[in-house]
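Residue-level structure breakdown
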Amino acid sequence: ESIGVRIVTPTDPQLQRFGLEAGAQGVLVTQFVPDSLALRKGLQAGDLITSIDGKDVKNADDAEDLLGKADLKKGVRLHVTTKAGERSVFVNNAK
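About the thresholds
- Residues numbered from 1 in each chain as written.
- Predicted model: local features only at pLDDT ≥ 70, side-chain atom pairs only at ≥ 80, totals over all residues.
- Heavy atoms only, no water.
- Helix = DSSP H or I, 4+ residues; strand = E, 2+ residues; numbered from the N terminus.
- Buried < 20%, exposed > 50% of the residue type's maximum accessible area, 1.4 Å probe, protein only.
- Contact = heavy atoms within 4.5 Å.
- Salt bridge = Lys/Arg side-chain N within 4 Å of Asp/Glu carboxyl O.
- Core = buried A, V, L, I, M, F, W, Y, C linked by side-chain atoms within 4.5 Å.
- Arc of directions from axis to C-beta.
- Polar contact = N/O pair within 3.5 Å; in protein donor to acceptor, adjacent residues only side chain to side chain.

Regarding its fold elements, the protein chain presents three helices and six strands. Projecting the C-alpha coordinates of the protein chain onto the three principal axes gives extents of approximately 35 × 25 × 20 Å. Counting over 95 residues, the protein chain shows a buried share of 38%. A separation threshold of at least 6 residues defines the contact pool for the protein chain, and within that pool the share at least 24 residues apart is 52%.

This is the structure we're talking about:
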């Protein structure tokens, strides 16, 4: 099972379009699977995921690898940067 997001390694123009600093490290959330775990936990398009369970994310390959190994029954913690600031989002498949 996945958390249900489409992510990309962002370009500077993509980062700036969402009010983020050019050159920021991480992966940009661009789309969601309808009713996905990530959407239900409050992630939004334009969020920049900078770490997954404490491991830095530099590009989409890093993020997909870490998310693919995550046990969603236990949950995964995402560190997210937005134009409004930083926050931590815990995503699991608990009902």
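Having seen it, we continue.
Within the secondary structure, Ser-51 is located in strand E3 (residues 48–52). On the basis of relative accessibility, which here comes to 11%, the residue Ser-51 falls in the buried class. Discounting chain neighbours no more than four positions away, the residues touching Ser-51 are Asp-56, Val-57, Arg-77, Leu-78 and His-79.

Right, let's talk about unusual backbone geometry for a bit. Peptide bonds are trans in most cases, and residues, glycine excluded, mostly fall at negative phi. Its identity is not glycine, yet Asp-35 carries a phi of approximately 55 degrees, on the positive side. For Asp-35, the location among the structural elements is in the loop between strand E2 (27–32) and helix H2 (37–40). With phi around 50 degrees, Asp-53 is a residue other than glycine that occupies positive phi space. Take Asp-53: it is sitting in the loop between E3 and strand E4 (55–56). A relative accessible area of 41% places Asp-53 in the partly exposed class.

A complete count under the given rule lists three salt bridges for this structure. Close ionic contact of Asp-65 with Lys-69 constitutes a salt bridge, the shortest N to O distance being 3.3 Å. Here the residue Asp-65 and the residue Lys-69 both occupy positions in helix H3 (residues 60–69), the gap between them amounting to four residues, near one helical turn. Judged by its relative accessible area of 40%, Asp-65 is partly exposed. Taking the relative accessible area as the measure of exposure, Lys-69 reaches 63% and is therefore exposed.

Moving on, we come to the nonpolar core. Counting 20 residues, the largest nonpolar core has Ile-3, Val-27, Ile-49, Ile-52, Val-76, Leu-78 and Val-91 as the members making the most contacts within it. The set of elements that each furnish at least two residues to this core consists of E2, H2, E3, H3, strand E5 (76–82) and strand E6 (85–91). Residues within four places of Val-91 in sequence aside, it is in contact with Ile-3, Leu-37, Ala-38, Lys-41, Leu-72, Gly-75, Val-76 and Leu-78.

With that settled, consider H3. Looking at H3, one finds that the buried residues are Ala-60, Ala-63 and Leu-67. Along the axis of H3, the buried residues cluster in a sector spanning 60 degrees; they form a single face. In H3, the exposed positions angled more than 90 degrees off the buried face are occupied by Asp-61, Gly-68 and Lys-69. Each element contacted by the buried residues of H3 is listed here: strand E1 (5–8), E2, E3 and E5. Regarding H3, its N-cap is Asn-59, as a side-chain oxygen of that residue lies 3.1 Å from the backbone nitrogen of Asp-61 further along.

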